[in-house]
Amino acid sequence: MHPPAADAPPSSPLKALELINHLLSLLLLASLSVKSFVGRWQLLRSKLSELKSSVAEISDSPHWSENPLIQTLFPNILSTLCRLKALSEHCSDSSYNGGKLLMQSDLDMASTSLSKQLQDIDLLLRSGVLLHSNAIVLSQPGPGSDKEDLGFFIRDLFTRLQIGGIEFKRKALEALLQLLREDEKRAGLVSNEGNVAYLIHLLDINNDPCIREQAALAISILATASDSSRKSVFEEGGLGLLLRILESGSSGLKEKAAVAIEAITADPENVWAVSAYGGVLILIEACRSGSLATQAHAAGAIKNIAVVEDISFALAEEGAVPVLLHILVSGTTAAQEKAANCVAMLVSYSEYFRALVLQERGLHKLLLLFQESSNSDTVEHVLRAITSLSASDSTNRTLSSSTAFIVQLAEVIKNGNIVLQQISASLLAHLSISDGNKRAIAGCMGSLVKLMELPKPVGLQEAAAEALVSLLTVRSNRKEFVREEKSVMKLVQMLDPKKEEACKKFPVAVVGGILARGSPGCRKRLLAAGAQPHIQRLAEMDVAGAKKASQRLAGNRLKSMFSRTWRE
């Protein structure tokens, strides 16, 4: 019986199995009688014996002939065996005068093909898919599917990915993407039951573009869906290939790679690998020239790198600062938020970064974004960055003289969330604001009093009190403050030693600010509101500033008594 040519596949799996077994028997016998390259044929004989056992195990499976992967696997095996049959005839012919190097190469290639096919058979057998009918294999698990059914389905998908041709791979990836899109919680099961390393291998530039695109999307979902699946992508070497795609892939591939890289670098332990792969410059370039979506995710990855202070200097060396500052004025809302976060971290580290940002007109860009952004997270990062930059005397003077900035800070104190209110109050307290600007923002004093009532977050009461005391250095502001009955009553209530919500030194400091310039009308308002007994009790408790405040309140009353006596 003569085997068919490699390009004439048998008409059925059973026929293919018969031909494979026939060729294996012939080759195992021939391997014992070869006269050339005996060592190589000993290795081949071992692989052929293993292949015979594996093929027998396949044929013992109840539904092996129904599995569509057999239609790819068996023809490949037949092709290899036919090639080996021809080679064995040459090696058994003592008169063969063909090229030695060519024969060595042909035998080595055949041996490699056998190894690959043995791996494929092993994968097919271990997956368990041959134990089920084809109809079960192809069914997409429903929402109520148990873990066992899902695990089997995932193993089948990855078996098709690894063994099947392009069409098998494409359909398997489509099914995998559908599974992940329906419920990202399944990502952990995919990373456990599937072969993430092989999925990453599909990103290689030598693979079909459509397959690469689908694999990149699947990996981006795995990287963002759960801690376990993200860890799997990183540990299987995904970061290096993703960075290469971000450097030279198509626009669609770059975006998916950027999503995955941002997710992977969210774990600080993975950040070091970015530097090892030369990824810092790649990410900066993606921010500079990538699509808007790619830019946003690349900026997020750079922000994640900036968290690790020791690596953050590589960002400066590679030119990240001007790129990040450009995003502040030209990027999408998401990109601006991430860039602002990164800049805020960098300028908090050292004078070196603060100088770099100021050199690139970073303060102007931050102020512009502060005026225009409606995103509270972005505004928070911008204010933190501005606060760090305000440590410079020249920056402090610039901010203190900007009426527009001061007025906007006051608006944030009145209408922002609690975090923004705290940062704004702290910044306001540490600026050298003119009396005119203090008068312009007198309307935020009531909000500062409300903030003083809140015990959390830590530092809020102090920031609010310091900002309020600063505003109360202006006479008209003191008068306006005491005219607001609600604010005065809140202040007096905070002075009550029985109420422990507020640290007493802060309302005492505000009382001291009201009384510091000796305004009789302000004293009368405080006395009428019942501040005196609380202040006196706090003085007895040695609360900072309480004795002086008590003396001023009492001194005013004594002075009034002496004045009345003199007139009488």
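The preceding data block contains the structure.
The structure reproduced in this document is the subject of the present report. This one's a predicted model, so the numbers in the text were calculated from it and none came from an experiment. (Residues numbered from 1 in each chain as written. Predicted model: local features only at pLDDT ≥ 70, side-chain atom pairs only at ≥ 80, totals over all residues. Heavy atoms only, no water.)

So, the overall build of the protein chain
Okay, so step 1: Secondary structure summary: the protein chain contains 34 helices and zero strands in total.
Okay, so step 2: The C-alpha atoms of the protein chain give 38 Å as radius of gyration, which overshoots the globular expectation for 568 residues (24 Å, by more than 25%).
Okay, so step 3: Sequence separation of 24 or more characterises 70% of the internal contacts of the protein chain that already satisfy a separation of 6 or more.
Okay, so step 4: Here the protein chain has roughly 26,400 Å² of accessible surface; of this, 51% comes from carbon and sulfur atoms.
Okay, so step 5: In the protein chain, 61 positive and 59 negative side-chain charges are present, and the distance between their average locations comes to 13 Å. (Helix = DSSP H or I, 4+ residues; strand = E, 2+ residues; numbered from the N terminus. Rg over C-alpha atoms; globule rule 2.2 N^0.38 Å. Contact = heavy atoms within 4.5 Å. Areas by Shrake-Rupley, 256 points an atom, 1.4 Å probe, with all protein chains shown as cover. Lys, Arg positive; Asp, Glu negative; His and termini not counted. Charge placed at Lys NZ, Arg CZ, Asp CG, Glu CD.)

Points about the pattern of salt bridges
Okay, so step 1: The full count for this structure, using the stated rule, is 21 salt bridges.
Okay, so step 2: E193 serves as the salt-bridge partner of R155, at 3.0 Å between the closest nitrogen and oxygen. Of the two residues, R155 is situated in helix α6 (residues 147–163) and E193 in helix α8 (residues 187–193); the sequence distance between them amounts to 38 residues.
Okay, so step 3: The class of R155 is partly exposed, set by a relative accessible area of 26%.
Okay, so step 4: One salt bridge in this structure joins R354 and E351, with 3.3 Å as the shortest N-O distance. Remark: E351 and R354 occur in helix α20 (residues 351–359); sequence separation between them is three residues, near one turn of the helix.
Okay, so step 5: R354 gets classed as buried once you look at its relative accessible area, which sits at 17%.
Okay, so step 6: Within the structure, one salt-bridge network assembled from shared partners comprises E167, R170 and E174. (Salt bridge = Lys/Arg side-chain N within 4 Å of Asp/Glu carboxyl O. Buried < 20%, exposed > 50% of the residue type's maximum accessible area, 1.4 Å probe, protein only.)

Some details on the state of the cysteines
Okay, so step 1: Enumeration over the complete set of coordinates arrives at zero disulfides.
Okay, so step 2: No disulfide involves C82; its nearest neighbouring cysteine sulfur is the one of C91, lying 16 Å away.
Okay, so step 3: Among the residues examined, C82 registers a relative accessible area of 16% and is labelled buried. (Disulfide = S-S within 2.5 Å.)

Notes on the side chain of S400
Okay, so step 1: Its location among the elements puts S400 in helix α23 (residues 393–400).
Okay, so step 2: Owing to a relative accessible area of 5%, S400 belongs among the buried residues under this scheme.
Okay, so step 3: Side-chain polar atoms of S400 contact the backbone nitrogen of S432, separated by 2.9 Å.
Okay, so step 4: Not counting residues up to four positions away in its chain, the partners in contact with S400 are I406, L431, S432, I433 and N437. (Polar contact = N/O pair within 3.5 Å; in protein donor to acceptor, adjacent residues only side chain to side chain.)

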